[in-house]
Structure formats: structure tokens, C-alpha cells
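Descriptive structure summary
Listed below are the residues making up each chain.
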Amino acid sequence: ANSRLSWARMAGPLIVTPGQFTQRSELYHQLAQLTAAGVDILRALENLHRHPPSSAFRVPLRETVLAVGQGSTLTEALRQGGDWLPEFDYALIDAGERSGRLDGCFRLLADYYADRARIARQVIADLAYPVALFHFAVFIFPFSQFFLTGNWVVYLAQTFGVLLPVYAVTLAIIYAGQSRHGETWRGFMEWITLPVPVLGTARRYLALARLAAALEALIAAGVTIIEAWQLAAAACGSPGLRRTVNSWKADLLAGMTPADAVSRSSWFPEMFANLYHTGEVSGSLDDSLKKLRKYYSEEGTRKLHAFSQWLPRLIYFGIMLIIAWKIIGFWMGYFQQVNQAIGP
């Protein structure tokens, strides 16, 4: 109990970093390699427990190894290790167990977290110069007054008095965007971000890619289509999409097909609805879901990358406007003082 409590505290950091995404990707990459080579899951977990990608994984992996050794399924065992994995991971791993395609699910998760790590690093790299320029501006503009007066208190108030609130707001925004919050909060953040150009579309496409991936794995595992949709919607990470799919349940039980429900919903783009309908009618739904997963994953990642490139440029442009305004204000004040000194 104490070890689980300790891990629960470690599993919920204030900010999820690119390094943590990379560690998660490496965890699944090693599991995919071991299971594809024919190593049973217990031995694979024991090997990872001895040499984990991160020391933070050691405790939940130990709990998982003990639970699997006592007869639990992998999904049940992972859940006993604490709340250390997103629901999307549990859904895919459960489907992989049922279908006997664990290695494929592990590879999909490894690629997913590798993409998230790459995008996060790109955003940080693109923001480095605008952030450095902003700090330079904050420290340099009050320096002339500090040089004349030597008043450290005023100078620190004019510099850190600006930076500390900016740091607090930035950390609050990053923390608010983490996926570990409750569904009400995540739904609120989704409602705010979906109207944002490029970013909203990227989030929607990535949620659809996760939905298609979970559906593909669950249907291959023999889960009924209605239950597969409910589980996939819960795993996709989008509260809005989950509510939409849950609202179909009565109609699906009454005989409506998922393809009809998808075509009537504004959440799903026309391409998704058409390709899903084709797969449902032709009996090649697994192939259609693979295509949907690949397309929306690539498009969502591309749009998210575009947003990560344009956001620093917008910030840089805003900082340059502030600097220009400060320079103009300085020279206007200077000329005003000169005119007052000269007199009429």
C-alpha cells in the first residue's frame, strides 16, 4: 500500500516533459521487441523491472510483475500498479491481450509517445529565442533608470515584478493542459481549444486517430461493435467525443448502425464517415480503421507541428511590438524633456 501511494505521488507530476514521453515510448518499444521475439509477458516485465527506461517505472512494474505472477491479466495488473498510465493505453493493451496482438499494440503506443515527445521538443526549441528576447527586453529597459539611481528595489520590482506573474500564468496554462485532470476540467479545456485555428483541428484529428486505433484493436479482439465504440470513446482522450458516442447507445441497441450514427454527428469529418461506412458495408472495417488511424494521426501531427511553428513566431512578433513601443516611448519622452529644457 505504501509503495502504491508513493508511486501515485510520482505518477502525477506538475508538468509532463518531453523526456517523460520518451521514457514511455521506450517502455513500450522494449515490450514490443520482447513480445515479438516470443518472450512471454511475465518474463518481459521482469526484464523491464530490472532495467527500466526510467527509475520512476520500477515501482509500478514490480506491482505489475507480482499481479501477473498471481494470475491477473496484464491490463488488470497494470491498473494495480497505480494510476500511472492513461486510459488510452489500458484500452489498447486490453484489446491486444484479447486479440493476441500485444506486440502490435505496444508498437503503436511506442510510436504515439515518440511523436508526442518530438512535437514537445520542437515547441520548446522554437520558443527558446522569443523567450530569451523577452527576458532581454524586461531587464534592459529599466536598466537606464537603475544606472542613474542605483535603486535595486525599484529595478527588481520592474523586472521580476513582470517575470514572476508571467511565469505563474505560463505554468498554470501548461498544468491546465495536462491530461491527468478530471473529465469536467478536460472537457472545459477542450471547449476552449477546439475553436483555436489549427490547434483545435489538430486536437480533434488526434482524438479521432486514437478512437480508430482503439476500435481496430477492440474489434480484432472480438469485442461487440457497440461495446467497442463505448470503450474506444472512453479511451480516445476527448470528453466531447466520448459524450457524443455515449449518446448513441440507445439508438444502436434499437438497430441503428454505427456508420449511420457517425454520418449524423458533427464531430466526425465527412471523410471519416464515408470511409467508415465503406468498411462497414464491405466487411473490411479493420482495413478502413487502419487507414483512418494513419490519416488522422499524420494530419493531426502535421497540424500540431504547424501550430508549434507559428506560435513562437506570433510570440516573437508580439515581443517586437512591445520593444518598438518602448523605444518609441523612450524617444518621445527624451524629446519632450529636450523641448522643456529649451523652452519657448
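This report concerns the structure included in the present document. Treat the numbers as computed from the prediction; the structure is a model and nothing was measured. Per chain, residue numbering runs from 1 following the sequence as it is written. With the structure being a predicted model, the display of local features is reserved for residues of pLDDT at least 70 and the display and counting of side-chain atom pairs for 80 or more, all residues being used for whole-chain, interface and lining totals. Remark: hydrogens and water are excluded; side-chain values derive from all non-hydrogen atoms of the structure.

Turning to the nonpolar core, a few remarks are in order. As a rule of thumb, soluble globular proteins bury nonpolar side chains together. The nonpolar core is taken to be a set of buried Ala, Val, Leu, Ile, Met, Phe, Trp, Tyr and Cys residues, with the residues joined through side-chain atoms within 4.5 Å. Accessible area is worked out with a 1.4 Å probe on protein chains only. A residue is then buried under 20% of its type maximum, exposed over 50%, and partly exposed in between. Formed by 67 residues in total, the largest nonpolar core has its most connected members in Tyr 28, Leu 211, Trp 229, Phe 268 and Phe 272. A per-element tally of this core places helix α11 (residues 199–220) first, with ten residues. Contact between two residues is taken to exist if any of their heavy atoms lie within 4.5 Å; hydrogens are not considered. Dropping the residues within four chain positions of it, Trp 229 is found in contact with Leu 211, Leu 215, Val 245, Trp 248, Pro 258, Val 262, Phe 268, Phe 272 and Tyr 276. Membership of the second largest hydrophobic core comes to five residues, among which are Ile 119, Leu 199, Leu 206 and Leu 304. Strands here are runs of E lasting at least two residues and helices are runs of H or I lasting at least four, both read from the DSSP assignment and numbered beginning at the N terminus.

Turning to the pattern of salt bridges, a few remarks are in order. What counts as a salt bridge is simple: a side-chain nitrogen of Lys or Arg found within 4 Å of a carboxyl oxygen of Asp or Glu. One pass over the structure, following the stated rule, counts seven salt bridges. Here Arg 118 ties to Asp 115 by a salt bridge, and the two come within 3.8 Å at their closest N and O atoms. Of this pair, Arg 118 and Asp 115 both sit in helix α7 (residues 102–140), three residues apart, which is roughly one turn of the helix. Among the residues examined, Arg 118 registers a relative accessible area of 41% and is labelled partly exposed. With a shortest N-O distance of 2.8 Å, Glu 299 and Arg 302 are connected by a salt bridge.

Another point: the packing of aromatic side chains. Classification of ring pairs rests on two measures: the distance between centres of Phe, Tyr or Trp rings, Trp counted by its six-membered ring, which must be within 6.5 Å, and the angle between planes, read as stacked under 30 degrees, edge-to-face over 60 and tilted in between. In total, this model carries 19 aromatic pairs according to the counting rule given. Ring centres of Trp 229 and Tyr 276 lie 5.5 Å apart, and the angle between their planes is 70°; on these two criteria the pair is classed as edge-to-face. Of this pair, Trp 229 sits in helix α12 (residues 225–235) while Tyr 276 is found in helix α16 (residues 270–282), placing the two residues 47 residues apart along the sequence. Residue classification places Trp 229 among the buried residues on the basis of a relative accessible area of 0%. Residue Tyr 276 is classed as buried on the basis of its relative accessible area of 0%.

Along the chain, Thr 75 falls in helix α5 (residues 74–80). What Thr 75 contacts, discounting residues up to four positions off in sequence, is Tyr 90, Ile 93, Asp 94 and Glu 97.

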